[in-house]
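# Per-entry structural report
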Amino acid sequence: MASFSVLPQQPIPFISHSHSQFWNSGHCGLATQQAISFCNKRKKPIQAVAESAAISANGTAASVADMSFSSSPSLLPLFKEPTSPQNTPASELEPADPDFYKIGYVRRVRAYGIEFREGPDGFGVFASKDVEPLRRARVIMEIPLELMLTISQNLPWMFFPDIVPLGHPIFDIINSTNAETDWDLRLACLLLYAIDCKDNFWKLYCDFLPSADECTSLLLATEEDLLELQDENLASTMRTQQNRALEFWEKNWYSSVPLKIKRLACEPERFIWAVSMAQSRCINMQMRIGALVQDANMLVPYADMLNHSVQPNCFFHWRFKDRMLEVMINAGQRIKKGDEMTINYMRGQKNNFFMQRYGFSSAVNPWDVIQFSGSARIHLDSFLSVFSISGLSEEYYHNNRLSNDGDGFVDGAVLAAARTLPTWSDGDVPPVPSIERKAVKELQEECQLMLAQYPTTAQEDQKILDSMPEARRTIEAAIKYRLHRKLFIEKVIQALDIYQEQILF
Ligand SMILES: C[S@@+](CC[C@H](N)C(=O)[O-])C[C@H]1O[C@@H](n2cnc3c(N)ncnc32)[C@H](O)[C@@H]1O
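Before going into details, it helps to say that this report is about the structure given with it. (Residues numbered from 1 in each chain as written. Predicted model: local features only at pLDDT ≥ 70, side-chain atom pairs only at ≥ 80, totals over all residues. Heavy atoms only, no water.)

## Let's talk about the overall build of the protein
Put simply, the test is: The numbering of helices and of strands both runs from the N terminus, where a helix is a DSSP run of H or I of at least 4 residues and a strand a run of E of at least 2. Relative accessibility thresholds used throughout: buried, under 20% of the residue-type maximum; exposed, over 50%; partly exposed, between the two (1.4 Å probe, protein chains only). For accessible areas, the Shrake-Rupley method is used with a probe of radius 1.4 Å. Any residue's cover is judged against the shown protein chains and nothing else.
Along the protein, the regular secondary structure elements total 15 helices and 20 strands. Here the protein holds 505 residues, and the buried ones make up 56% of them. Of the roughly 21900 Å² that the protein leaves accessible, carbon and sulfur atoms contribute 53%.

## Examining the side chain of R482
Position of R482 relative to the elements: it lies in helix α15 (residues 473-503). With a relative accessible area of 2%, R482 lands in the buried category.

## Topic: the pattern of salt bridges
To keep things clear, this is the line we draw: A carboxyl oxygen of Asp or Glu within 4 Å of a side-chain nitrogen of Lys or Arg is what we treat as a salt bridge.
Under the counting rule described, the total for this entry stands at 24 salt bridges. When the shortest N-O distance is used, the salt bridge between K480 and E476 registers 3.5 Å. Within this pair, K480 and its partner E476 are both found in helix α15, separated by four residues, close to a single helical turn. The class of K480 is buried, set by a relative accessible area of 17%. Taken together, the shared-partner salt bridges in this structure form one network comprising E142, R319, D322 and E326.

## Let's talk about helix α12 (residues 412-420)
For the record, the criterion: When checking whether two residues touch, look at their non-hydrogen atoms; a contact exists if any pair is within 4.5 Å. Counted as a polar contact is a pair of N or O atoms within 3.5 Å, where, for protein atoms, one must be capable of donating a hydrogen and the other of accepting one, and residues adjacent in sequence contribute only when both atoms are in side chains.
Of all nine residues that make up α12, eight are buried, and the element is covered over most of its length. Buried-residue contacts for α12 involve α11 (380-386), β18 (389-390), β19 (397-398) and α15. Sitting at the head of α12, D411 places a side-chain oxygen 3.0 Å from the backbone nitrogen of A413.

## Quick look at the packing of aromatic side chains
Let me state the cut-off plainly: Aromatic contacts are taken between Phe, Tyr and Trp rings whose centres are within 6.5 Å, Trp giving its six-membered ring; a plane angle under 30 degrees counts as stacked, one over 60 as edge-to-face, and the others as tilted.
Taken as a whole and assessed by the stated rule, the structure comprises 26 aromatic pairs. Relative to Y358, the ring of F354 lies with its centre 6.0 Å away and its plane at 35 degrees, an arrangement referred to as tilted. You can see F354 and its partner Y358 sitting in helix α10 (residues 351-358), four residues apart, about one turn around the helix. Judged on exposure class, the residue F354 and its partner Y358 are both buried. Where Y358 meets F360, the ring centres are 6.0 Å apart and the plane angle is 40 degrees; that geometry is what we call tilted. Y358 sits in the buried class, given a relative accessible area of 4%.

## Side note on the sheet that holds strand β4 (residues 94-95)
Hydrogen bonds between backbone groups are what pair the strands of a sheet, and the pairing can be parallel or antiparallel. Selection criterion: Note on pairing: two strands pair once DSSP finds at least 2 bridges between them.
Strand order in the open sheet made by the five strands is β4-β6-β7-β16-β13, with mixed pairing throughout. Two strands lie at the open edges of the sheet, namely β4 and β13 (307-308), each paired on one side alone.

## Describing the side chain of T420
Its place among the elements puts T420 in helix α12. A relative accessible area of 12% means that T420 is categorised as buried. A polar side-chain atom of T420 sits 2.9 Å from the main-chain amide nitrogen of I370. Apart from residues no more than four positions distant in its own chain, T420 is found in contact with D368, V369, I370, F372 and F488.

## Describing the pairing of strand β6 (residues 114-119)
Here β6 lies mainly inside the structure; six of its six residues are buried. Where burial is concerned, the two faces of β6 agree: the one with I114, F116 and E118 and the one with E115, R117 and G119 are both buried. With six bridges joining them, β6 and strand β7 (residues 122-127) adopt antiparallel strand pairing. Bridged to G119 within β7 is G122.

## What to know about the packing of α10 against α15
Where we set the bar: Angular values range over 0 to 180 degrees, each being the angle between N-to-C directions of two axes fitted as lines to C-alpha atoms, with helices fitted over their stretch in contact. Small angles under 35 degrees read as roughly parallel and large ones over 145 as roughly antiparallel, with 65 to 115 read as roughly perpendicular and the rest as oblique. Residue classes follow a fixed rule: Ala, Val, Leu, Ile, Met, Phe, Trp, Tyr, Cys and Pro count as nonpolar, while Asp, Glu, Lys and Arg count as charged, and any other residue, Gly among them, counts as polar.
The interhelical angle for the contact between α10 and α15, taken along N-to-C directions, is 175 degrees, at an axis separation of 11 Å. As judged from the angle between their axes, α10 and α15 are roughly antiparallel. Touching N351, N352 and M355 of α10 are A477, A478, Y481 and H484, all from α15. Classifying every residue of the contact of α10 with α15 by side-chain character gives four nonpolar, three polar and no charged.

## Observations regarding the pairing of strand β9 (residues 149-152)
Of the two faces of β9, the one holding L149 and I151 and the one holding T150 and S152 are both buried throughout. Summarising the sheet, β9 and strand β12 (residues 292-299) pair through four bridges and their orientation is antiparallel. Across the sheet, the residue bridging to T150 is M298, located in β12. Strand direction decides the pairing type here: β9 and strand β10 (residues 159-160), joined by two bridges, are antiparallel. When the bridges of β10 are listed, I151 appears paired with F159.

## Quick look at the sheet that holds strand β14 (residues 314-319)
Read from one edge to the other, the open sheet built from four strands follows the order β5-β8-β15-β14, with strand pairing classed as antiparallel. The two strands at the open ends of the sheet, each matched to only one other strand, are β5 (110-111) and β14. Where strand β8 (residues 138-144) lies against strand β15 (residues 324-329), six bridges are found, and the strand directions are antiparallel. When the sheet's bridge partners are listed, M141 is paired in β15 with V327.

## Quick notes on helix α4 (residues 183-196)
The periodicity of an α-helix, 3.6 residues per turn, causes residues three or four places apart in sequence to face the same way. What counts here: A helix is expected to reach a length of 1.5 Å times the quantity of its residues less one.
Under the 1.5 Å per step criterion, the end-to-end length of α4 is 20 Å for 14 residues, consistent within 8% with the ideal 20 Å. Burial runs high along α4: 13 of the 14 residues are buried.

As structure tokens, this is what we get:
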């Protein structure tokens, strides 16, 4: 086992620190580490907050480096998320416990102009002051390598910090994993070990991680929750993943296992919780050990509290010289006090991927897909023009300058429609309206058939969600997933209606 340094994944923009100030919470001035009690310090969001959030239901679309790196501000407009309460004013969300800041501050974590609050999507990071757009990206958080839990993706396993003593049986367990596929199991073992280590930072930080009840990961879902997905493929993938984690625990936590291993996860649920933490909070980076470059999986405290958006205002950057992860605001980004700071966990992924790994979905995911089976096609350029969509397929964006989309109809779902609808294009050959209308009708009928195959409608799903404000996180996430799917299909039908109306003129 050896220590290592980390290579940035992309060029390092110049960073100015002149504007920096320490945690904005005002709690951390001359903090010294004090005795901190070990209970879960997440506060449950008060019900009033959850309810008003559900009513406002007007947030931006949801997007950490695998949680991948994202460097530039998005050109997309703000997408409305029909069922997400992300627009609940930050002032109405529960502020994080002062100890949360303190345990990091005394270990060289710094944050500038932000605060952590707890809302319906768990912890999130919010701007504590307005930020004018700058030509350069600016730092809002600095987290030193010493606080991260890191393990190399390939043999020889390298951990940083080097907390696993030679000969400890947890090393043998980690060593028994498959280098290609088991990064989450290894990281889970390291997390459990760190939480059990005397004086380790993660022992304190763990109090602020979501408990099994608060976590949306489908690894923790019951069979009943999985059925609520109304997606047998996803349910079956999750059953396989649950069994994989369970079998790993059964193999390594057998009855005569040494106590120093046993106590890390006395019950399988504890191990599965740790795997869900690894999957939903891991950041991938490259590290350098001498001349050797290795990919690494990392748990980065504080940065792992950033929620996802497809229109993120922040990105990660590795500062090589002092081995700090920086969270930076995109160059040119205007931020208002109370805005949520977000990153894009992974570009180009469909909702079923986000559900599998993180336990959330979005009705306006620009990368969602519908598989059409008929032969109907519509004219690509005309469709793009009706909705003022510019750019190449991988880069589609709503071009506000060309648009008179006053009601904000064009959102991520319409961009997804432009990618997923079967289309044709043949040089300058113009579309024939009657043929386009026929194709629209066939595509809409196929969408209606897909909707009819679900046992519930979108409206019924919304009612079910509204009627169960105290629901477990996993069942809530499952119902939202199927609702998001239906809202997406409905939006495609509406977009086709608008297309056929406007193509005639
Ligand atoms: C890296 S953590 C982010 C911090 C997290 N909110 C917490 O409370 O610790 C990822 C988890 O946050 C939640 N999350 C992140 N982005 C989200 C989004 N756009 N919509 C809903 N939930 C989201 C999901 O539960 C996901 O598994």
